[in-house]
Amino acid sequence: MVNPQMVMYEEEFVQIQTIVDRLVKEANAKVVFIVDKNGQLIAASGDVEEIDTTSLASLTAGNIAATGGIAKLLKENEFATQFHEGENQNIHIQLVGNRVILVVIFDAKSSLGLVRLRVRKATDELNNVFEALVNKTQDPASDSPFAEITDDDIDSLFND
Amino acid sequence: MTFINYMAREINCKIVYYGPGLCGKTTNLQHIYERTNPDAKGKMISLATETERTLFFDFLPLSLGEIRGFKTRFHLYTVPGQVFYDASRKLILKGVDGVIFVADSQFERLEANLESMDNLRENLAEQGYNLDEIPFVIQYNKRDLPNVVDVDELRQELNPRGVPDFEANARDGVGVFETLKAVSKSVLTELKKSGAGT
Ligand SMILES: Nc1nc2c(ncn2[C@@H]2O[C@H](COP(=O)(O)OP(=O)(O)OP(=O)(O)O)[C@@H](O)[C@H]2O)c(=O)[nH]1
Ligand SMILES: [Mg+2]
């Protein structure tokens, strides 16, 4: 397969969640979430009940994909950081290791300077975790639970 | 790119609806959205022009049920079919797990179908995918209209590989779920194969 599957294990998930939880506090943010470049939500923290994280994840990934396309046209490397200022809320979007997207939503209780500072630190930490995750996924010993699914398992999903 | 989350016990797959402008891709998603239980679907997002042509993509997240204790989630996307949106189509294809080609059965759209199919093949190849190898199904849409090409001829032109294909009238929902089920099944079967390979 061209695109190796992305896999998330408990160990790394806990590490990622810890980083994200801390970032919410240290950046005085409303919501922090992490999305892969295909729009799958990986982790979220903060006032997540108030927002539709699935939609937000897919739109953020679309946004990054579009600006990535623009960057390519301009023969630029990817635009790693984006900031959108709203009337009440702002959104800071950061590419991490060209693999995942770190999104911070904040209001007047925080500031762009603080968010930037905290995001920088979190980005380094996240980079390490995702690096480890990729190595683990490529390790042939980590086998998929789906090797053993049967045609009946698949069929039963569709019998309604 | 399937995303297997051991922590949340979920697998996420990406399905893309491809095809020429106005063939009925968005209509497929709208029908699925309308006919799915609220607990099995998320919000449908449409990034469209003022005339309801898809500008970037439509997005609909669905959950299908569990396999071996893993929730299966499918993210459905449509591409913009109009020729000049090619850059956006390429972006939407990134990380795709399965493709549905929606053909417009009308005579006057035969050429557009063929062009779109070639375009799909090229854009997939750019990402390193081979259309002949990925999970792929074809839908012959707008069968309700009077001016349609025979299915046999469409099949000859568009489906030499003999992938699963379906007649549809997406506006009335005919054939919509059959098409989706076929590609989902094919994606899961692929997952099973690749799982066995590692
Ligand atoms: N008669 C008939 N009309 C259909 C059918 N499916 C879709 N349409 C109509 O065709 C028109 C275009 O449908 P869309 O779903 O917006 O087409 P699309 O493929 O998303 O088009 P783009 O976004 O431009 O790529 C709409 O007016 C639909 O109501 C069908 O099976 N029969
Ligand atoms: Mg459309």
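Please read all numbers here as calculations on a predicted model, not as lab measurements. (Residues numbered from 1 in each chain as written. Chains lettered and ligands numbered in written order. Predicted model: local features only at pLDDT ≥ 70, side-chain atom pairs only at ≥ 80, totals over all residues. Heavy atoms only, no water.)

1. Regarding the overall build of chain A
Note the threshold: Helix and strand definitions here come from DSSP, where helices need a minimum of 4 consecutive H or I residues and strands a minimum of 2 consecutive E residues; each element is numbered from the N-terminal end. Contacts are assigned to residue pairs with any non-hydrogen atoms lying within 4.5 Å of each other. What sets the accessible areas is the Shrake-Rupley method with a 1.4 Å probe; for residues, cover comes only from the shown protein chains. In summary, the charge assignment counts Lys and Arg as positive and Asp and Glu as negative, without counting His or the chain termini. Working definition for charges: the position is that of NZ of Lys, CZ of Arg, CG of Asp or CD of Glu.
Helix and strand content of chain A: four helices and six strands. Taken along its principal axes, the extent of the C-alpha atoms in chain A is 55 × 40 × 30 Å. Within chain A, contacts between residues separated by at least 24 positions form 53% of all contacts whose residues are at least 6 apart in sequence. Accessible area for chain A stands at about 8,200 Å²; split by element, carbon and sulfur atoms hold 49% of it. Side-chain charges of chain A comprise 13 positive and 26 negative groups, with the mean position of each set lying 14 Å from the other.

2. Remarks on the sheet that holds strand E5 (residues 90-96) of chain A
All names here are of chain A. Stated formally: Here the rule is simple: two strands pair whenever DSSP picks up at least two bridges between them. Helix axes use the C-alpha atoms of the stretch in contact, all axes being lines fitted to C-alpha atoms, and the angles between their N-to-C directions lie in the range 0 to 180 degrees.
If you walk across this open sheet you meet the five strands as E3-E2-E6-E5-E4, and the pairing is antiparallel. Edge positions in the open sheet fall to strand E3 (41-46) and strand E4 (81-85), since each of these has one partner strand only. The mean angle between the axes of side-by-side strands here comes to 10 degrees, regardless of whether they run parallel or antiparallel. Relative to strand E6 (residues 100-106), strand E2 (residues 31-36) runs antiparallel, the two sharing six bridges. Bridge pairing links isoleucine 34 to leucine 102 in E6. Running over the sheet, helix H1 (residues 10-26) touches E2, E3 and E6 and is turned about 35 degrees from E3.

3. Observations regarding the pairing of E5(A)
When a strand is regular, its side chains alternate between the sheet's two faces. Residues and elements named next belong to chain A. Going by this rule: Exposure classes here rest on a 1.4 Å probe applied to the protein chains alone. A residue is buried below 20% of its type maximum, exposed above 50%, and partly exposed in between.
The buried fraction of E5 is high, at six of seven residues. In terms of strand pairing, E4 meets E5 through five bridges, oriented antiparallel. Opposite phenylalanine 83, over in E5, you have histidine 92 as the bridge partner. Between the antiparallel neighbours E4 and E5 lie four residues. Bridge count for E5 against E6 is seven bridges, and the pairing is antiparallel. Bridging from a neighbouring strand, histidine 92 pairs with valine 104 of E6.

4. Observations regarding helix H2 (residues 86-93) of chain B
For an α-helix the count is 3.6 residues per turn, leaving residues at separations of three or four pointing the same way. Every buried residue belonging to H2(B) is among Ser88(B), Arg89(B), Leu91(B), Ile92(B) and Leu93(B), and all of these are buried. Considering only its buried residues, H2(B) is in contact with helix H2 (53-73) of chain A together with strand E2 (10-18), strand E4 (54-67), strand E5 (70-78) and helix H3 (110-126) of chain B. Gly95(B) sits one or two residues past H2(B) and shows a positive phi near 70 degrees.

5. Some points on the packing of aromatic side chains
Residue and element names in this part refer to chain B. As a reminder of what qualifies: Here the aromatic set is Phe, Tyr and Trp, taking the six-membered ring for Trp, and pairing holds for ring centres within 6.5 Å; pairs whose planes are under 30 degrees apart are stacked, those over 60 apart are edge-to-face, and all others are tilted. Any Lys NZ or Arg CZ found within 6 Å of a ring centre and within 35 degrees of that ring's normal is scored as a charge over the ring.
Evaluation of the coordinates by the stated rule reveals seven aromatic pairs over all chains. Ring geometry for tyrosine 6 against phenylalanine 70: centres 5.8 Å apart, planes inclined by 90 degrees, an arrangement best described as edge-to-face. Of this pair, tyrosine 6 sits in the loop between strand E1 (3-5) and E2 while phenylalanine 70 sits in strand E5, and the two are 64 residues apart along the sequence. For the ring pair phenylalanine 59 and tyrosine 77, a centre distance of 5.0 Å and an interplane angle of 45 degrees mean the geometry is tilted. Note that phenylalanine 59 is positioned in strand E4 and tyrosine 77 in strand E5, a separation of 18 residues in sequence. The same class applies to phenylalanine 59 and to tyrosine 77, which are both buried. Joined through ring pairs, the aromatic side chains of Phe56, Phe57, Phe59 and Tyr77 make up one cluster. Cation over ring: lysine 14 sits above tyrosine 77, and NZ or CZ is 4.7 Å from the ring centre. Over the ring of tyrosine 33 we find lysine 41; its NZ or CZ atom is 4.1 Å from the centre of that ring.

6. Looking at the environment of Phe107(B)
Its place among the elements puts Phe107(B) in the loop between strand E6 (98-104) and H3. Sequence-distant contacts of Phe107(B), defined by excluding residues within four places in its chain, comprise Asn147(B), Val148(B) and Val149(B).

7. So, the environment of Ala65(A)
Locating Ala65(A) in the fold gives a position in helix H2. Each C-alpha atom, one on Ala65(A) and one on Lys37(A), is 7.6 Å from the other, the two residues being 28 residues apart in sequence.

8. Let's talk about the coordination of the magnesium ion (ligand 2)
Residues and elements named next belong to chain B. Put simply, the rule is: Metal donors: N, O and S atoms at distances within 2.8 Å, or within 3.2 Å for Na, K and Ca, with water omitted from the atom set so that some sites may seem incomplete.
Taken together, Thr26 (OG1) and Thr54 (OG1) make up the protein donors of the magnesium ion (ligand 2), found 2.0 Å from the metal. Taken as a pair, threonine 26 in helix H1 (residues 25-34) and threonine 54 in strand E4 lie far apart in primary sequence, 28 residues in all. In this structure, threonine 26 and threonine 54 share a single accessibility class: buried.

9. Examining the packing of H2(B) against H3(B)
All names here are of chain B. Short version of the rule: Between 65 and 115 degrees an angle is taken as roughly perpendicular, under 35 as roughly parallel, over 145 as roughly antiparallel, and anywhere else as oblique. Here a crossing is taken to be left-handed if its near helix is turned anticlockwise relative to the far helix by less than a right angle, and right-handed if that turn runs clockwise. All residues other than Ala, Val, Leu, Ile, Met, Phe, Trp, Tyr, Cys, Pro, Asp, Glu, Lys and Arg, Gly among them, are scored as polar; the first ten of these are nonpolar and the last four charged.
Look at H2 against H3: their axes get within 10 Å of each other, and the N-to-C directions meet at 55 degrees. One element, H2, and the other, H3, form an angle in the oblique class. Crossing geometry of H2 relative to H3 is assigned as right-handed. For the pair H2 and H3, contact is made by Asp86, Arg89, Lys90 and Leu93 and by Asn119, Leu120, Asn123, Leu124 and Glu126, respectively. Within the contact of H2 with H3, the residues separate by chemical class into three nonpolar, two polar and four charged.

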